[in-house]
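A look at the structure
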Amino acid sequence: MTESVRARLSESLLTATNAEKAIANYMLANLNGLPFETSATLAAKVGVSEPTVGRFCRSLGYARFKDLKSDLRDNIGDRPWLVGDRLKQFRDRNLEGDMLARSLDLEIAALVRIYEIAHTKEWKHTIKRLATIPRVFVAGFQTERGIAQYFANQLQYLRPNVSLADVAGGNFHEILMEPPKSACLVLFEARRYSQLAISLAREARSAKIPITLVTDAFCDWGHDLVDEMFVVPTEFDMFWESTAQMASLGNLLLNGVFNELGVSVEKRMNKVSELHAKFTGYVGE
């Protein structure tokens, strides 16, 4: 069953080698897509050998990768994920080789996975911290910086003292010199990972600053440095990997913070909107 597979994969991370961690992280982020994989395609995506995939499956208690997929099948393997006539047509085209239809299928599975993440203990801890800790810093580098800025700007509507990390400053002192237990860091990062992201995570951990990392299935350094690591599927058979689901996960985080803060947040949101209207304005006013 899905929960059995997820539990085995999560437990394996405690003692796994680097290659095994890479396989486990990829599988955890793409459980709904595993029925489409073979050991060869999985090995190619993770960057390991096919025998390594086989050995890893045996370490989990499965004779081969096919048996692991069979353990998933009752819940997701044979169930149509696409409903409605239009979506059924897309899925039929997928079976006939339409790659866009397959991409749609994978994106829907990824969205389901994100909502599953939102029911975990780690998620609840993160929501509580984002709603109550005095300061929140958000960081993202390269193409993920836009997602980080969007998340920070939206969170500023809900609570005070939210800042996007100052990359131009060159030393992140505004984060790393915060008093203990007074700040946390939310980090968005996908491969190829920026050296800035790893360096900041290491320094923040040394400064005892809690870190929430939103990343992809290939991140093999996050578990050793962060408090929560939310792994988002990013491979949808497109030219480039897509980090769009990171923004979706960010929206769920914002929704969780809103619910945690309750009705008291309305006064602040109204004031921020009023100031925005005063300085920037809205179309039609």
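Let us look at the structure shown here. (Residues numbered from 1 in each chain as written. Predicted model: local features only at pLDDT ≥ 70, side-chain atom pairs only at ≥ 80, totals over all residues. Heavy atoms only, no water.)

1. Digging into the overall build of the protein
The helix and strand tally for the protein stands at 13 helices and five strands. Here the protein holds 285 residues, and 47% of them are scored as buried. For the protein, restricting intrachain contacts to residue pairs at least 6 apart in sequence, the fraction spanning at least 24 positions comes to 69%. Roughly 14900 Å² of accessible area belongs to the protein as shown, and the carbon and sulfur atoms make up 54% of that amount. (Helix = DSSP H or I, 4+ residues; strand = E, 2+ residues; numbered from the N terminus. Buried < 20%, exposed > 50% of the residue type's maximum accessible area, 1.4 Å probe, protein only. Contact = heavy atoms within 4.5 Å. Areas by Shrake-Rupley, 256 points an atom, 1.4 Å probe, with all protein chains shown as cover.)

2. What to know about the environment of Ile114
On the secondary structure map, Ile114 appears in helix 7 (residues 99-117). Separated by 135 residues in sequence, Ile114 and Leu249 place their C-alpha atoms 6.2 Å apart.

3. Quick look at the sheet that holds strand 2 (residues 162-164)
Sheet architecture is open: five strands sit in the order 2-1-3-4-5, paired in parallel fashion. For this open sheet the edge positions go to strand 2 and strand 5 (228-231), each flanked by a neighbour on one side alone. Each strand axis lies, on average, 15 degrees off the axis of its neighbour in the sheet, ignoring direction. Bridge analysis of strand 4 (residues 211-215) against strand 5 gives four bridges, and the strand direction is parallel. Note on strand 5: the bridge partner recorded for Thr212 is Glu228. (Pairing = 2+ DSSP bridges. Axes fitted to C-alpha atoms, helices over the stretch in contact; angles between N-to-C directions.)

4. As for empty space enclosed by the protein
Under the counting rule described, the total for this entry stands at one cavity of 30 Å³ or more. Taken together, 17 residues form the lining of the largest cavity, with Asn30, Gly33, Leu106, Pro233 and Glu235 sitting closest to its centre. Those elements giving two or more residues to the lining of the largest cavity turn out to be helix 2 (18-29) and helix 7. In terms of residues, the lining of the largest cavity owes the most to one element, helix 7, which gives five residues. Grouping the amino acids of the lining of the largest cavity by side-chain chemistry returns nine nonpolar, three polar and five charged. (1 Å grid on protein atoms, 1.4 Å probe; cavity = no way out; pocket = protein on both sides within 12 Å on 5 of 7 lines; lining within 4 Å. Points joined across faces, edges and corners; volume = space filled by probe spheres on them. Nonpolar A, V, L, I, M, F, W, Y, C, P; charged D, E, K, R; others polar.)

5. Details of helix 13 (residues 265-279)
Its 15 residues place the ends of helix 13 21 Å apart at the C-alpha level, agreeing with the 21 Å of an ideal helix rising 1.5 Å per residue. Residue Gly281 follows helix 13 closely and has a positive phi angle near 85 degrees. (Expected span 1.5 Å × (residues − 1).)

6. Remarks on the nonpolar core
Among the nonpolar cores identified, the biggest contains 49 residues, and Leu9, Met27, Leu68, Ile175, Leu185 and Trp221 are the most heavily contacted of them. With seven residues, the top contributor of residues to this core is helix 2. One finds Ile114, Ala131, Leu155 and Phe188 within the second-largest nonpolar core, a separate group that totals 30 residues. (Core = buried A, V, L, I, M, F, W, Y, C linked by side-chain atoms within 4.5 Å.)

7. Considerations on the side chain of Ser182
Inspection of the secondary structure assignment puts Ser182 in the loop between helix 10 (173-176) and strand 3 (183-188). Among the polar contacts listed, one links the side chain of Ser182 to the side chain of Glu178, at a separation of 3.2 Å. (Polar contact = N/O pair within 3.5 Å; in protein donor to acceptor, adjacent residues only side chain to side chain.)

8. Focus: the packing of helix 9 (residues 145-158) against helix 12 (residues 244-261)
Contact geometry for helix 9 and helix 12: axes closest at 10 Å, N-to-C directions at 15 degrees. On the basis of their axis angle, the class for helix 9 and helix 12 is roughly parallel. Crossing geometry of helix 9 relative to helix 12 is assigned as right-handed. Contact residues: Ile147, Tyr150, Phe151, Gln154, Leu155 and Leu158 in helix 9; Met246, Ala247, Gly250, Asn251, Leu253, Leu254, Val257, Phe258 and Leu261 in helix 12. When its residues are assigned to classes, the contact of helix 9 with helix 12 shows 12 nonpolar, three polar and no charged. (Parallel < 35°, antiparallel > 145°, perpendicular 65-115°, else oblique. Left-handed = near helix turned anticlockwise from the far one by under 90°.)

9. Concerning the layout of surface pockets
Picture a little ball the size of a water molecule; that probe, rolled over the atoms, points out where space is still empty. Size it by volume and the largest pocket reaches roughly 540 Å³. In terms of lining, the largest pocket is formed by 19 residues, of which the most central are Ser10, Arg113, Glu122, His223 and Met229. When residues of the lining of the largest pocket are traced back to their parent elements, those giving at least two are helix 1 (2-12), helix 2, helix 7 and strand 5. Counting residues per element, the lining of the largest pocket draws most heavily on strand 5, which supplies four residues. Taken together, the residues of the lining of the largest pocket break down into eight nonpolar, four polar and seven charged. Estimated volume of the second largest pocket: approximately 390 Å³. If you go around the second largest pocket, you meet 16 residues; those closest to its centre are Thr143, Arg191, Trp240, Glu241 and Thr243. In the lining of the second largest pocket, the residues fall into five nonpolar, four polar and seven charged.

10. Remarks on the pattern of salt bridges
One side chain can pair with another of opposite charge once the charged atoms of both are near each other. Applying the stated rule across the entire model yields 11 salt bridges. Between Lys128 and Glu260 there is a salt bridge, and its shortest N-O distance comes to 3.1 Å. Pair noted here: Lys128 is in helix 8 (residues 121-132) and Glu260 is in helix 12, with a separation of 132 residues, a long-range link. Between Glu228 and Arg129 there is a salt bridge, with its nearest N and O atoms 2.8 Å apart. Taken as a pair, Glu228 in strand 5 and Arg129 in helix 8 lie far apart in primary sequence, 99 residues in all. (Salt bridge = Lys/Arg side-chain N within 4 Å of Asp/Glu carboxyl O.)

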